Structure formats: structure tokens, C-alpha cells
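# Topology and contacts: notes
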Amino acid sequence: MAEINAIAQQFVQFYYSTFDSDRSNLSSLYRPGSMLTWEGTPIQSGTLIIEKLTSLPFSKVQHKVETLDAQPSSPTTPSIIVAVTGLLQARPLTILSPCPNPLQFSQTFHLIPDGGSYYVQNDVFRLNYGA
């Protein structure tokens, strides 16, 4: 389990630091068969996923990961499920300062081995709004 947690932590650090600096650089993590569900909307293919991520209506974003859990997802393939919760602070395209209140989010990744690395087969993202 220690190796799985280390891989998950490295992945999460890379993913969110890249997302926060230049979302287009996440393209190497997705494949033609990859799928993203963004707030309930399914998107399939690496190209369409990156189009979605780069078209989000904010100029800057900063993620703060609060929890990270990882598990092996298959007894036959060394794939990993990674569940993340945290806060994100976004700056809308039309406003110069960030939104005053960070938003809570949850995101789950299904990572598949590819050579000496991993790619994202499944990615599910949700903002968590208070009741």
C-alpha cells in the first residue's frame, strides 16, 4: 500500500500544480478512451477533456488538497483509484480578484499503468455545495 499511496501523492501533486498553472499541459494524462464526468456531464476522449478543462470560465485557480485516499482497483492490473477532496479558489475571467470564498470539491481518478507511468482512464469531478 505504501507504493500505491506514493504514486497517488505524486500524481495528485503533478495534476493540481499543472491544472493551476496551465491546464493544456494535462493532455499527456488522458487517452482517446479516457472519460471525464464534470459536474454530471460526461466527456470522452483526451482531446475533448482538455478542450473542456481549458474552456472553464476562470483565468486562475488554486487547489488545496485536504484528503487523498488511494486503493488498488484490480487484482490483475496494477491500476489505482484515487479519491481527493479539497478547496479551490478561482478567479473568474471577468473579475480581477479571486472569489472571496473557496469552493469545496471532490475528484476521483482511475489510473492505469502505461510504461513507467500512469494515465487517467476515468475522472469524476464535483463541486460540493452546502445544503
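Residues numbered from 1 in each chain as written. Predicted model: local features only at pLDDT ≥ 70, side-chain atom pairs only at ≥ 80, totals over all residues. Heavy atoms only, no water.

## Section: the nonpolar core
Counting 33 residues, the largest nonpolar core has Tyr15, Tyr30, Leu53 and Phe109 as its most contacted members. Those elements that provide at least two residues to this core are helix H1 (2-21), strand S1 (30-38), helix H2 (46-54), strand S3 (58-72), strand S4 (80-92), strand S5 (103-114) and strand S6 (117-128). Among the elements that line this core, the one with the most residues is H1, at eight residues. Leaving out residues up to four positions away in the same chain, Tyr15 has contacts with Leu26, Leu29, Tyr30, Leu53, Gln107, Phe109 and Asp123. (Core = buried A, V, L, I, M, F, W, Y, C linked by side-chain atoms within 4.5 Å. Buried < 20%, exposed > 50% of the residue type's maximum accessible area, 1.4 Å probe, protein only. Helix = DSSP H or I, 4+ residues; strand = E, 2+ residues; numbered from the N terminus. Contact = heavy atoms within 4.5 Å.)

## Details of H1
Taking 1.5 Å of rise per residue, 20 residues should cover 28 Å, and H1 covers 29 Å from first to last C-alpha, within 8% of that figure. Of all the positions in H1, only Ile4, Ile7, Ala8, Phe11, Val12, Tyr15, Tyr16, Thr18 and Phe19 are classed as buried. Mapping the buried residues of H1 onto a view down its axis gives an arc of 160°, with all of them on the same face. Looking at H1, the residues exposed on the side facing more than 90 degrees away from the buried face are Ala2, Glu3, Gln9, Gln10, Gln13 and Ser21. (Expected span 1.5 Å × (residues − 1). Arc of directions from axis to C-beta.)

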